[in-house]
There are 2 protein chains.
Amino acid sequence: MLGLMQDWPLLLHRIIDHAAIYHGTRPVITRSVEGPIVETNYAEIRARALKVAQRLERDGVKLGDRVATLAWNTWRHLECWYGILGTGAVYHTVNPRLFPDQIVWIINHAEDKVMMLDLTFVPLMEKLADKLPTIERYIILTDAAHMPQTTLKNAVAYEDWIAEADGDFAWKQFDENTAAGMCYTSGTTGDPKGVLYSHRSNTLHAFMAALPDSKNLSATDVCLPVVPFFHANGWSLAFSTPMVGASLVLPGAKMDGASIYELLDTYKVSFTAAVPTVWLMLLQDLEKTGAKLPHLKRVVIGGSACPRAMAKTFEEKYDVEVVHAWGMTEMSPLGSLCTMKPEYAALTGDARLDIQQKQGHPPFGVEMKITDDEGKRLAWDGKVFGRLKVRGPAVAKAYFKNKDNILDAEGFFDTGDVATIDQYGYMQVTDRAKDVIKSGGEWISSIDLENLAVGHPKVAEAAVIGIAHPKWDERPLLVIVLKKGETATKDDILGFMQGKVAKWWLPDDVAFVEDIPHTATGKIQKTTLRKQFRDYRLPTVEAAE
Amino acid sequence: MLGLMQDWPLLLHRIIDHAAIYHGTRPVITRSVEGPIVETNYAEIRARALKVAQRLERDGVKLGDRVATLAWNTWRHLECWYGILGTGAVYHTVNPRLFPDQIVWIINHAEDKVMMLDLTFVPLMEKLADKLPTIERYIILTDAAHMPQTTLKNAVAYEDWIAEADGDFAWKQFDENTAAGMCYTSGTTGDPKGVLYSHRSNTLHAFMAALPDSKNLSATDVCLPVVPFFHANGWSLAFSTPMVGASLVLPGAKMDGASIYELLDTYKVSFTAAVPTVWLMLLQDLEKTGAKLPHLKRVVIGGSACPRAMAKTFEEKYDVEVVHAWGMTEMSPLGSLCTMKPEYAALTGDARLDIQQKQGHPPFGVEMKITDDEGKRLAWDGKVFGRLKVRGPAVAKAYFKNKDNILDAEGFFDTGDVATIDQYGYMQVTDRAKDVIKSGGEWISSIDLENLAVGHPKVAEAAVIGIAHPKWDERPLLVIVLKKGETATKDDILGFMQGKVAKWWLPDDVAFVEDIPHTATGKIQKTTLRKQFRDYRLPTVEAAE
């Protein structure tokens, strides 16, 4: 027997409808790519998104077609998303930080039909356009006055293009499981993989993201998403913010400390979110200028682990609540947030920072488990670590045009992270699964050893990889870059580490190198490092033989 | 093209799973019907709900079967809901405040198979049981020690009954649109009508209800639902509270001021919700004792309009934020909450109270419109009032075993309320549609006139009904009960009202009566009043003839 409630599919354009009706005059402020600050509101954004939808339809874009966006966070980008969504097409956010070859690969794999791009990226796309046969038209997100001369196919200035529409358009209606958005993940190996969000998954995710113990978003908030919309579905901010009617401040192309500070201060931003690198730049700028953050209440820090010192500075020096978060493109992307449950709410100082080093607990709608390599569930004691697997309505079940089964027998997706979960359900990432060192059936966290090693005053950077071992399977090798002009020995380093980790975790050897390879996004490229040390033999191997 | 996200149906038992896993030790405290305070937690509630499900299945309860509950808010009632839900059966909350004939009617109409009832209601059900052929078993929500002698069919003490199960049960899995709960509305005319919630509608509604600008529920809250679970789906508190892991304090059968105060104070309740009558009792008790409410942060007041003086006292004397709310059984039930958007957030004193007299704005997932009798949309200016109609995933599309179409051409449900909506989307109920007086094509609010009349120092109660008029269609008649020992004339009363409403709103006559008829729940019974004045002729009619 079915319930007798209304059929009201969870369609994302209903979010901008709600924002326009109930929060129509709420400011949406952008530092435009052209330079000046531009102020609009949700009612105008909806009105222009309707024009985008109407124009896309006239250009032949249909249900299920992919429309690429290569753009910073601006009001125009937001209009494009909702216009695309309202036709039943799929926004495909292209990350401009990818290598050009990867950009070509993903656009061709997605078969994008139209691309909407910022002025910033016109030169890049002119170089790549010949390799992109599916794109029929390039819409430059600017007006006639700023429109460049360009060889891009059927290029048109966005403002001219939407001016051809009168906005008399009704959003398309369709099944809530219809594809809505697409974002590719680029691992360190293999081709990028396309995650395909649905209207349903993004809507449910926006609810989860806005809850008090998640991002806690209200109509009275002024929200600055520094995290770009092209980074992991923009952390849901293009949906959860208009869903609650919070004001938006969008940074455009400028994410340096001074530019972000100016927005935070001028527009009395109460909520912001970005990766640690951005906050490092902001904190350095504040340090230099002596400025404070009197309006900012909460900062969400994710994408990579939030350094303890960063959390401490935000909370103790600037009185800004830090919400450490974790997620991934495959999770829409939020998986967990480190907001305080009653068990931890009264903690202060170091005890609070200890908890804030964890990535936190999931909202309703995300299930987690940690398992060993055989899939057996492990204890939630905050110590045992295992493969972190997740399940929920906003978690991927497959990649685009890819037949691989990515779920286990219980329907969980393996995140590739290794984590502990404590008795209150707080998860902490301890490593990537492929980087963990498997020694005698037990796991050693490469990240823990690296964090420890960089604490040595002479060490600039450290990486730990597993080296084959006949008795133990793998044993850790510590690779070190010393600070300029410093010298140190293996015994110096290991002596420093001794007593700070279990004895059997101590690396079997230390290799001193000039530099450690990095990915385009600044992460240590362990695959390359492993190749470099392919023929390396540990001294303990020789001893064992 | 569909998205590639996981199939994870929105099933309500997932909420108690989440609560048990992530908030397992969070206290759930009840003033038991037997008397003592009982403390349990979400992990135990889930464990016992599994036993309920297992036992129900053994008793032959299947997917879609209705299980009646006639019970106060207790931990056992909560376990029953989740146990019922986890078998795919439907909880049917029976309101003990209905007339016995109505209780018989709805149980037979619902064809309830099992009834779970509190000790309080055993005598009542013994009287009615002969007329209830579908109920196969009565489960008394108590233990062996408190089990009464009873003639109820197959009666068993709840604790004995679940003790026969080991809890080794897996929740059933099914479509999220499966019926989950049932609640009958009893209007002043006609048979009660059954609203049939689904797992999906209740889950989405719980998200909507928990948002910062709705009830703002967090794991750090201690939540006291005084509103009974049998009243309009318990205002979603049985779902939205465990969804976020807030602690629960349940009042059992005692809702007098002193009992509620004791719970608020002892357990440091931060959030509570009930109808104005309950708060009147509490405020009177506080007045008497001089006690304060240092822990309470927010009180949701709904069910009927929150008196201005009540809002003022809570906010100004006790420093408790008042959230005026509106909804109805057909809406799961929350429709709108009067939380402050930036446009109103800075208001204080009378200006703030003015806004708080409104029922507020809806969360994402509730659409509203006001229309005239022909269905034409009316302006949102805070002045024009029209029929209030709503649409959304948690709004009814039909009643149980009833073929009537209750939606308009756009899919909106007519609430039966008449309301204004202001420019910021704040709705204010001005009357019930059937009570509004239609005079010369314009509407006059009976409630506005009543509120004005009771402001006269000699008036104890006032009711306004429309009386047929040859020229104007209807004109208002003001029916007055004077305070004991007082005397007044028509001119006294109308003179007092003059200048405070539009001239053409002034009643054509005043009738003085000994008392005004009321419904079982204390509302003015205007149908009866209209019958009493069926043959009454207004003086202005005679003048017009």
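On a predicted model such as this, the values are computed, not experimentally measured, just so you know.

A.B. asks: So what exactly am I meant to see when it comes to the overall build of chain A here?
C.D. replies: Counting its regular elements, chain A contains 17 helices and 24 strands. The burial tally for chain A puts 61% of its 545 residues in the buried class. Once local pairs closer than 6 in sequence are excluded, the contacts in chain A between residues at least 24 apart make up 66%. For chain A, the accessible area works out to roughly 20,400 Å², and carbon and sulfur atoms hold 50% of it. The averaged location of the 69 negative side-chain charges in chain A is 1 Å from the averaged location of its 60 positive side-chain charges.

A.B. asks: Just to check I follow, could you spell out the interface of chain A and chain B for this structure?
C.D. replies: For an interface, size is often stated in terms of accessible area lost upon the parts coming together. Taken together, the contacts link 78 residues of chain A with 78 residues of chain B. Between chain A and chain B, roughly 6,100 Å² of surface is buried when both sides are summed, and carbon and sulfur atoms account for 65% of that area. Summed over the shared surface of chain A and chain B, the number is eight salt bridges. Put simply, B:Glu176 and A:Arg200 hold a salt bridge, and the shortest N to O gap is 2.7 Å. For the side of chain A that touches chain B, the elements supplying multiple residues, two or more each, are helix H1 (13-22), strand E9 (193-198), helix H7 (199-210), helix H8 (237-244), helix H12 (342-345), strand E16 (367-371) and strand E17 (386-391) of chain A. Class assignment for the residues of the side of chain A that touches chain B results in 45 nonpolar, 20 polar and 13 charged.

A.B. asks: Please explain the nonpolar core as it appears in this structure.
C.D. replies: When a protein is soluble and globular, its nonpolar side chains tend to lie buried together. One finds A:Met116 and B:Met116 to be the most contacted residues of the largest nonpolar core, which totals 174 residues. Those residues within four positions of A:Met116 in sequence are excluded, and the remaining contacts are A:Val52, A:Leu56, A:Val67, A:Ala68, A:Thr69, A:Leu70, A:Cys80, A:Ile84, A:Ile139, A:Leu141 and A:Trp161. Among the nonpolar cores identified, the runner-up in size contains 59 residues, and A:Val90, A:Val278, A:Val299 and A:Val320 belong to it.

A.B. asks: Help me understand the relation of the copies chain A and chain B, please; the structure alone is not making it clear to me.
C.D. replies: Here two copies of a chain appear, and what relates them is a rotation about an axis with a shift along it. Once turned by 180 degrees and shifted 0.0 Å along the axis, chain A lies on chain B with an RMSD of 0.2 Å. Classification of the inter-copy transformation places it as that of a two-fold axis. Comparing interface residues between copies, 100% of those in chain A also sit at the interface in chain B, which points to an isologous, same-surface contact.

A.B. asks: Any chance you could explain the sheet that holds strand E3 (residues 66-70) of chain A here in plain terms?
C.D. replies: Residue and element names in this part refer to chain A. Pairing within the open sheet is mixed, and its seven strands lie in the order E7-E6-E5-E3-E4-E8-E9. The open sheet has two free edges, formed respectively by strand E7 (156-157) and E9, since each of these has just one partner strand. Looking at chain direction, E3 and strand E4 (residues 90-93) are connected through four bridges and run parallel. Bridge assignment links Thr69 to a residue of E4, and that residue is Thr93. Each of E3, E4, strand E5 (114-117) and strand E8 (179-185) is contacted by helix H3 (residues 75-87), which is oriented at about 140 degrees to E4, the strand it contacts most.

A.B. asks: What should I look at first to understand the packing of aromatic side chains in this one?
C.D. replies: To describe a pair of aromatic rings, one takes the distance between the centres and the angle between the planes. For the coordinates displayed, the defined rule picks out 39 aromatic pairs over all chains. Ring geometry for A:Trp81 versus A:Phe229: centroids 5.4 Å apart, planes at 45 degrees, classification tilted. With a gap of 148 residues between them, A:Trp81 in helix H3 and A:Phe229 in the loop between strand E10 (222-225) and H8 connect regions that are remote in the sequence. Among the residues examined, A:Trp81 registers a relative accessible area of 0% and is labelled buried. The side chain of A:Lys369 reaches across the aromatic face of A:Phe412, ending 4.4 Å from its centre. Against the face of B:Trp8 rests B:Arg14, its NZ or CZ located 4.0 Å from the ring centre.

A.B. asks: Teacher, can you tell me more about the environment of B:Pro123 here?
C.D. replies: Turning to its location among the elements, B:Pro123 is positioned in helix H5 (residues 122-128). The sequence separation of B:Pro123 and B:Pro276 amounts to 153 residues, and the corresponding C-alpha distance is 29 Å.

A.B. asks: Help me out: how do you make sense of the pattern of salt bridges in this one?
C.D. replies: Between side chains of opposite charge, a pair can form when the charged atoms approach closely. All names here are of chain A. Inspection of the entire model under this criterion finds 74 salt bridges over all chains. Across the pair Glu164 and Arg55 runs a salt bridge, and its minimum N-O distance is 2.7 Å. Here Arg55 lies in helix H2 (residues 42-58) and Glu164 lies in the loop between helix H6 (158-163) and E8, a separation of 109 residues in the sequence. Under the relative-accessibility criterion, Glu164 is labelled partly exposed at 44%. In this structure Arg55 comes out as buried when scored by relative accessible area, which is 4%. With a shortest N-O distance of 2.8 Å, Arg76 and Glu159 are connected by a salt bridge. On the criterion of sequence distance, the pair formed by Arg76 in helix H3 and Glu159 in helix H6 is long-range, its members being 83 residues apart.

A.B. asks: Is there a simple way to explain the side chain of A:Arg200 in this structure?
C.D. replies: In this fold, A:Arg200 is placed in helix H7. A distance of 2.7 Å separates polar atoms of two side chains, one belonging to A:Arg200 and the other to B:Glu176. If we skip the residues at most four places from it in the chain, A:Arg200 touches A:Leu10, A:Glu176, A:Asn177, B:Trp8, B:Pro9, B:Leu10, B:Glu176 and B:Arg200.

A.B. asks: Quick question: what am I supposed to make of unusual backbone geometry here?
C.D. replies: Backbone geometry follows two general trends: most residues other than glycine have a negative phi, and most peptide bonds adopt the trans configuration. Residues and elements named next belong to chain A. Put simply, Ser332 and Pro333 share a cis peptide bond, and its omega is 15 degrees. Positive phi, close to 50 degrees, is recorded for Asn154, a residue that is not glycine. Within the secondary structure layout, Asn154 lies in the loop between strand E6 (137-140) and E7. Phi is positive for Trp235, which is not a glycine, with a value near 55 degrees.

A.B. asks: Help me understand the packing of helix H7 (residues 199-210) of chain B against helix H8 (residues 237-244) of chain B, please; the structure alone is not making it clear to me.
C.D. replies: A packed helix pair is summarised by two numbers, namely the angle formed by the two axes and the spacing between the axes. Residue and element names in this part refer to chain B. Running from N to C, H7 and H8 cross one another at 65 degrees; their axes reach a closest spacing of 9 Å. Here H7 is positioned roughly perpendicular relative to H8, judged by the angle of their axes. Seen along the crossing, H7 lies across H8 with a hand that is right-handed. Contacts between H7 and H8 involve Asn202, Thr203, Ala206, Phe207, Ala209 and Ala210 on the former and, on the latter, Phe239, Ser240, Met243 and Val244. Taken together, the residues of the contact of H7 with H8 break down into seven nonpolar, three polar and no charged.

A.B. asks: Explain the sheet that holds strand E16 (residues 367-371) of chain B to me, please; I cannot follow it from the model alone.
C.D. replies: The strands that make up a sheet pair up through hydrogen bonds in the backbone, lying either parallel or antiparallel. All names here are of chain B. Overall, antiparallel pairing links the four strands, which are arranged E16-E17-E18-E19 in an open sheet. In this open sheet, the two strands that pair with only one neighbour each are E16 and strand E19 (427-432). Adjacent strand axes in the sheet meet at a mean angle of 50 degrees when their direction is disregarded. The sheet contact formed by strand E17 (residues 386-391) and strand E18 (residues 413-421) spans four bridges and is antiparallel.

A.B. asks: Could you clarify how one ought to interpret the state of the cysteines in this entry?
C.D. replies: A covalent bond between the sulfur atoms of two cysteines is referred to as a disulfide. Residue and element names in this part refer to chain B. The full count for this structure, using the stated rule, is zero disulfides over all chains. No disulfide involves Cys80; its sulfur sits 17 Å from the nearest other cysteine sulfur, which is in Cys183. Among the residues examined, Cys80 registers a relative accessible area of 0% and is labelled buried.

Thresholds, definitions, all that
Residues numbered from 1 in each chain as written. Chains lettered and ligands numbered in written order. Predicted model: local features only at pLDDT ≥ 70, side-chain atom pairs only at ≥ 80, totals over all residues. Heavy atoms only, no water. Helix = DSSP H or I, 4+ residues; strand = E, 2+ residues; numbered from the N terminus. Buried < 20%, exposed > 50% of the residue type's maximum accessible area, 1.4 Å probe, protein only. Contact = heavy atoms within 4.5 Å. Areas by Shrake-Rupley, 256 points an atom, 1.4 Å probe, with all protein chains shown as cover. Lys, Arg positive; Asp, Glu negative; His and termini not counted. Charge placed at Lys NZ, Arg CZ, Asp CG, Glu CD. Buried area = accessible area lost by both parts, 1.4 Å probe. Salt bridge = Lys/Arg side-chain N within 4 Å of Asp/Glu carboxyl O. Nonpolar A, V, L, I, M, F, W, Y, C, P; charged D, E, K, R; others polar. Core = buried A, V, L, I, M, F, W, Y, C linked by side-chain atoms within 4.5 Å. Least-squares fit on C-alpha atoms with pLDDT ≥ 70 in both. Pairing = 2+ DSSP bridges. Axes fitted to C-alpha atoms, helices over the stretch in contact; angles between N-to-C directions. Phe/Tyr/Trp six-rings, centres within 6.5 Å; stacked < 30°, edge-to-face > 60°. Lys NZ or Arg CZ within 6 Å of the ring centre and 35° of its normal. Polar contact = N/O pair within 3.5 Å; in protein donor to acceptor, adjacent residues only side chain to side chain. Parallel < 35°, antiparallel > 145°, perpendicular 65-115°, else oblique. Left-handed = near helix turned anticlockwise from the far one by under 90°. Disulfide = S-S within 2.5 Å.

Taken by themselves, the reported measurements are silent on function.
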